[in-house]
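So you can see what is in the structure, the chains are spelled out below.
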Amino acid sequence: MIGLIDCNNFFVSCERVFDPSLAGQPVIVLSNNDGCVVARSNEAKALGIKMGIPVFQIRELIETNHVAVFSSNYSLYGDMSHRVMTTIDRLVPEIEIYSIDEAFINFEGFQMSSLPDYAQQLTKTIRKNTGIPVCLGIAPTKTLAKIANRYAKKYPGYKNVCIIDSEEKRVKALKCFPIEDVWGIGRQYKQKLNYYGIETAWDFIQKNESWIRKQMSVTGVRTWLELKGISCIAIEQNPSGKQNICTSRSFGEEISDFPVLLESVAYFTASCARKLRGQKSVAGIITVFLYTNRFKKEVPQYYPSITVHLPVPSANPGELIKYARMSLKQIYRPGYKYKKAGVIVSDITSASNVQCSLFDATDRHKQAKILSVIDTVNRKYGTDTLRSCAQPPNCFRKWSLKSQYISRRYTTNINDIIVLNCK
């Protein structure tokens, strides 16, 4: 049996852990630059606030209903996610972290008679240890576990745990589950499948395999088999590293000055380098791009990008920033107001399998030791404690995001630690 644990309204739940007064109140979390709604409490959903809606369109609704508004606090959310996943890892034999708020669990070997009680205890322990409410769906396959998790969230009678452990339960679950909500299908196939009379997951598995293969290729067949209870997607304890890494950001204010743009590109490049080292990889290609504001039709538009092949694949921020600076100089044009910039690293390979250049004068072994020390310090004292001189500290970043409603970094910054007033 496979389980899927999903944190309920994760970003909102993180804010509520450190501010209990938000319990029962409508709460929303906004995207970068406080643009759109990316997380909602159940109370906010009940008010009709849609996911992705621009915040300026619901100002009156927010004020009338006293909705609590927060800017995205990724430092807090990332640390809380780590706490949740660490708790799960200690309590189960095998875990695959699927996203910031989801994880698959392998329950192979568990006695079915004891699984319901253990599952309930698991969700209660996570809530006790972290303050984050979670729901758990358990089924013979990953796709069915996703469906079970959705039912555990939707119906309070399940008490946060739904287990599909019989043919009768599987059939009942599929007959009531919309086809567009099935993992691996989504909206892209909804219209096409609806055309053929497929409205639910049950309708989908009534088609034969050859029809599924013709309409949706091997990916559709895999989903079809999973819905039938035949496991095709295994638990991955060590997922393969990313083949492309992108760090980009829309600016709080439009930027036209080259030095300011360079600061942002240097920061994005260093972030890509850090992610590369995190998965013990190096990149052989770097791409830098700029965007003007496409919503301002009355101003000149410019969307340049440039790709550079490195002589030797690298994850050294200093080396990558050098090439990013060269690239930015080539695509930058004065007179334009840029709204967004970004860096993509690709052609990613293992750091232990680097093909060096005959003319490479860099001491790669020494460089690796220095980077290891930098990463150790930054893990202990915070990201960018040690950084390239091309990266300005937070207080000097003119291109920083708008975060008008940001909460404190309660768990990662000693200056933001909770203060209790005892009377």
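None of the values given here were measured: they were computed from a predicted structure.

**Q** What exactly am I supposed to notice about unusual backbone geometry here?
**A** Glycine aside, a negative phi is what most residues show, and trans is what most peptide bonds show. Non-glycine residue Asn33 carries a positive phi angle of around 60°. Along the chain, the position of Asn33 falls in the loop between β2 (27-30) and β3 (37-40). For Asn33, a relative accessible area of 15% translates into the label buried. A positive phi angle is found at Lys280, which is not glycine, with a value near 55°. Summarising the element assignment, Lys280 is placed in the loop between α11 (258-278) and β10 (281-292). With a relative accessible area of 65%, Lys280 lands in the exposed category.

**Q** I tried to follow the nonpolar core on my own but got confused; where do I start?
**A** A general tendency of soluble globular proteins is for nonpolar side chains to be buried together. In this structure, Ile5, Phe10, Ile88, Leu122, Ile132 and Leu136 are the most contacted members of the largest nonpolar core, which totals 35 residues. Looking at which element gives the most residues to this core, the answer is helix α4 (residues 74-91), with six residues. Discounting chain neighbours no more than four positions away, the residues touching Ile132 are Cys7, Phe10, Ser13, Cys14, Val17, Met80, Val84, Ile126 and Arg127. If you look at the next biggest cluster of nonpolar residues, it comprises 34 residues, including Phe258, Val265, Cys272 and Ala273.

**Q** Explanation requested: the packing of aromatic side chains in the structure shown.
**A** Aromatic ring pairs are defined here through the distance separating the ring centres and the angle between the ring planes. All told, the structure shown has 21 aromatic pairs when counted by the stated rule. Here Tyr151 and Tyr155 contribute two aromatic rings whose centre-to-centre distance is 6.0 Å and whose plane-to-plane angle is 20°, an arrangement assigned as stacked. Tyr151 sits in the buried class, given a relative accessible area of 9%. Taking the relative accessible area as the measure of exposure, Tyr155 reaches 38% and is therefore partly exposed. Taking the ring centre of Phe104 as reference, the NZ or CZ of Lys142 above it sits at 4.6 Å. For the cation-ring pair, Lys207 lies above Trp211, with the distance from its terminal atom to the ring centre recorded as 5.0 Å.

**Q** What should I look at first to understand the pairing of β10 in this one?
**A** Walk down a regular strand and you will see the side chains alternate between the two sheet faces. The buried fraction of β10 amounts to eleven of the twelve residues, a majority that puts the element mostly inside the structure. Pairing of β10 with strand β12 (residues 338-350), which is carried by eleven bridges, proceeds in the antiparallel orientation. Bridge pairing links Phe289 to Gly342 in β12. Where β10 meets strand β11 (residues 305-314), six bridges bridge the pair, whose relative direction is antiparallel. Bridge assignment links Thr287 to a residue of β11, and that residue is Thr307.

**Q** Mind showing me how you'd approach the layout of surface pockets here?
**A** If you roll a probe as big as a water molecule over the atoms, it shows you where there is empty space left. Its volume calculated, the second largest pocket comes out at about 1,300 Å³. What lines the second largest pocket is a set of 47 residues, among which Asp6, Cys7, Asn8, Asn9 and Lys153 lie closest to the centre. If you list the elements that add at least two residues to the lining of the second largest pocket, you get β1 (2-7), α1 (10-17), β3, α2 (42-46), α5 (115-130), β7 (134-139) and α6 (142-154). Broken down by element, the residue count for the lining of the second largest pocket peaks at eight residues, all from α6. Classifying every residue of the lining of the second largest pocket gives 21 nonpolar, eleven polar and 15 charged.

**Q** Please clarify how the sheet that holds β10 should be interpreted in this entry.
**A** Strand pairing in a sheet relies on backbone hydrogen bonds. The paired strands run either parallel or antiparallel. If you trace the four strands from one edge of the open sheet to the other, you get β9-β12-β10-β11, paired in antiparallel fashion. Edge positions in the sheet fall to β9 (245-255) and β11, since each has one partner strand and no second. Averaged over all adjacent pairs, the angle separating strand axes in this sheet is 15°, with direction ignored. Most of the contacts of α11 go to β9, to which it runs at about 155°, and overall it touches β9, β10, β11 and β12.

**Q** What am I meant to see in the sheet that holds β2 here?
**A** Ordered by their spatial adjacency, three strands build an open sheet running β3-β2-β4, and the pairing between neighbours is mixed. Each of the sheet's edge strands pairs with one partner strand only, and the pair in question is β3 and β4 (68-71). Strand-to-strand twist across the sheet, computed as the mean angle between neighbouring axes with direction ignored, equals 25°. Bridge count between β2 and β3: three bridges; the pairing is antiparallel.

Calculation notes
Residues numbered from 1 in each chain as written. Predicted model: local features only at pLDDT ≥ 70, side-chain atom pairs only at ≥ 80, totals over all residues. Heavy atoms only, no water. Helix = DSSP H or I, 4+ residues; strand = E, 2+ residues; numbered from the N terminus. Buried < 20%, exposed > 50% of the residue type's maximum accessible area, 1.4 Å probe, protein only. Core = buried A, V, L, I, M, F, W, Y, C linked by side-chain atoms within 4.5 Å. Contact = heavy atoms within 4.5 Å. Phe/Tyr/Trp six-rings, centres within 6.5 Å; stacked < 30°, edge-to-face > 60°. Lys NZ or Arg CZ within 6 Å of the ring centre and 35° of its normal. Pairing = 2+ DSSP bridges. 1 Å grid on protein atoms, 1.4 Å probe; cavity = no way out; pocket = protein on both sides within 12 Å on 5 of 7 lines; lining within 4 Å. Points joined across faces, edges and corners; volume = space filled by probe spheres on them. Nonpolar A, V, L, I, M, F, W, Y, C, P; charged D, E, K, R; others polar. Axes fitted to C-alpha atoms, helices over the stretch in contact; angles between N-to-C directions.

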